[in-house]
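Chain by chain, the residues run as shown.
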Amino acid sequence: MFPRTPDGYIAFGLGAAACLASGILLLILIFVFGEAWPALRTIGVVRFLSDGAWYPTDGAFGLVPMLAASFALAAGALTIAAPVGVAVAIFRLHYAPGWMKAPYRGLVLLLAGTPSVVLGLWGLMVLVPLIARIEPPGASLIAGILVLALMIVPTVAITSEAALESVPRSCWSAANALGLGREAALLNVVLPAAREGIAGGILLAGARALGETMVVLMITGNIVQMPDGLFTPVRALTSNIALEMAYATGDHRASLFVSGLALTLLVFLLSFAAGTGRRLRHA
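Rules and cut-offs
Residues numbered from 1 in each chain as written. Predicted model: local features only at pLDDT ≥ 70, side-chain atom pairs only at ≥ 80, totals over all residues. Heavy atoms only, no water. Axes fitted to C-alpha atoms, helices over the stretch in contact; angles between N-to-C directions. Helix = DSSP H or I, 4+ residues; strand = E, 2+ residues; numbered from the N terminus. Parallel < 35°, antiparallel > 145°, perpendicular 65-115°, else oblique. Left-handed = near helix turned anticlockwise from the far one by under 90°. Contact = heavy atoms within 4.5 Å. Phe/Tyr/Trp six-rings, centres within 6.5 Å; stacked < 30°, edge-to-face > 60°. Buried < 20%, exposed > 50% of the residue type's maximum accessible area, 1.4 Å probe, protein only. Salt bridge = Lys/Arg side-chain N within 4 Å of Asp/Glu carboxyl O. Patch = residues over 30% accessible without salt bridge, like charges linked within 9 Å, V, L, I, M, F, W, Y side chains within 5 Å. Areas by Shrake-Rupley, 256 points an atom, 1.4 Å probe, with all protein chains shown as cover.

**Student:** Is there a simple way to think about the packing of helix 6 (residues 141–165) against helix 9 (residues 195–211) in this case?
**Tutor:** Helix-helix packing: each pair is described by the crossing angle between the helix axes and the interaxial distance. Helix 9 packs onto helix 6 with a crossing angle of 155° between their chain directions and a minimal axis gap of 8 Å. By the angle between their directions, the pair helix 6 and helix 9 is classed as roughly antiparallel. Handedness of the helix 6/helix 9 crossing: right-handed. Counting all contacts with helix 6, which are made through Leu148, Met151, Ile152, Thr155, Val156, Thr159, Ser160, Ala163 and Leu164, the residues of helix 9 involved are Gly197, Ile198, Gly201, Ile202, Leu204, Ala205, Arg208 and Ala209.

Dropping the structure here:
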């Protein structure tokens, strides 16, 4: 039934927007699956996981090295960015002087809005040569991890700050009533109360790290091989799509869409793991 009250109009509009967004996402997934289907039918999922190399023109379609590289880049970046981002949020909210709070948040927002190609240029011209002094060639897994971590720290910081600000003042009052100091209250009361919001921000940052293209294209070396060390040049799935889509045809082109499906699956598994964790905590 069509709404007849202002609240009903708002609810109807929000529901329509949600359905539109979901529908667009579903159409995109259908399109990607349709483009990938010829490769899934003729090559088969098993070969994408069992072929030892990626040479599409020679009939080798191994995605595992690039899947492993994408996962290693995102996991390494989150390992650095998650604690740093939460620490940034805690510092701004509870430790920074009053005159510093607004400029500090402005710097975090500026970093969040910095184009990835700018961070990639910085990594290529500054970070890669520094790493090359330790172990050549410099363009490697660790270079990608460090720049990706720098890129997603603001996402973790901003979402963690919002989660910490949403903790009711009653939690602080209860902690003070128990005689807990600021540090003890933060560690034992406030952070546990905000953990779901913080986890959501980390999930969002992880999805961004998995989907980043320009940075990993510029500074990871783009060699298809298993990431067996931090200084190993690697190629991520996103880089592979960007590098080869312009000239790919036939099964080669379809296999690049399979790479896109694989990335979508990784993000889905990340979301599923986060949702499962929340349900287990509430059980």
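**Student:** Any chance you could explain the packing of aromatic side chains here in plain terms?
**Tutor:** A ring pair, where both rings are aromatic, is described by two values, the distance of the centres and the angle of the planes. What the rule picks out here adds up to five aromatic pairs. When the ring of phenylalanine 33 is compared with that of tryptophan 37, the centres are 5.9 Å apart and the planes differ by 35°; the resulting orientation is tilted. Of the two residues, phenylalanine 33 and tryptophan 37 both sit in helix 1 (residues 6–42), four residues apart, roughly one turn of that helix. A relative accessible area of 41% places phenylalanine 33 in the partly exposed class. Look at tryptophan 37 and you get partly exposed, because its relative accessible area is 41%. For the pair phenylalanine 91 and tyrosine 104, a centre-to-centre distance of 5.3 Å together with 65° between the ring planes defines the contact as edge-to-face. Of the two residues, phenylalanine 91 is situated in helix 3 (residues 64–94) and tyrosine 104 in helix 4 (residues 98–113); the sequence distance between them amounts to 13 residues. Given a relative accessible area of 23%, tyrosine 104 falls into the partly exposed group. Feature note: the residues Phe48, Trp54 and Phe61 constitute an aromatic cluster, connected by ring pairs.

**Student:** I keep staring at the pattern of salt bridges and nothing clicks. Help me out?
**Tutor:** Pairs can form between side chains of opposite charge once their charged atoms are near each other. Counted by the stated rule, this structure contains five salt bridges. For arginine 253, the salt bridge identified is with glutamate 35, shortest N-O distance 2.7 Å. Taken as a pair, arginine 253 in helix 12 (residues 250–282) and glutamate 35 in helix 1 lie far apart in primary sequence, 218 residues in all. Taking relative accessible area as the criterion, arginine 253 reaches 32% and is therefore assigned partly exposed.

**Student:** I tried to follow a nonpolar patch on the surface on my own but got confused; where do I start?
**Tutor:** A grouping of Val117, Val118, Leu121, Trp122, Leu124, Met125, Val126, Leu130, Leu150 and Met214 is seen on the molecular surface, where their side chains present a nonpolar patch of about 820 Å² in accessible area. Among the elements that line the nonpolar patch, the one with the most residues is helix 5 (residues 116–134), at eight residues. Checked against the element boundaries, leucine 130 lands in helix 5. Its relative accessible area of 43% is what places leucine 130 among the partly exposed residues.

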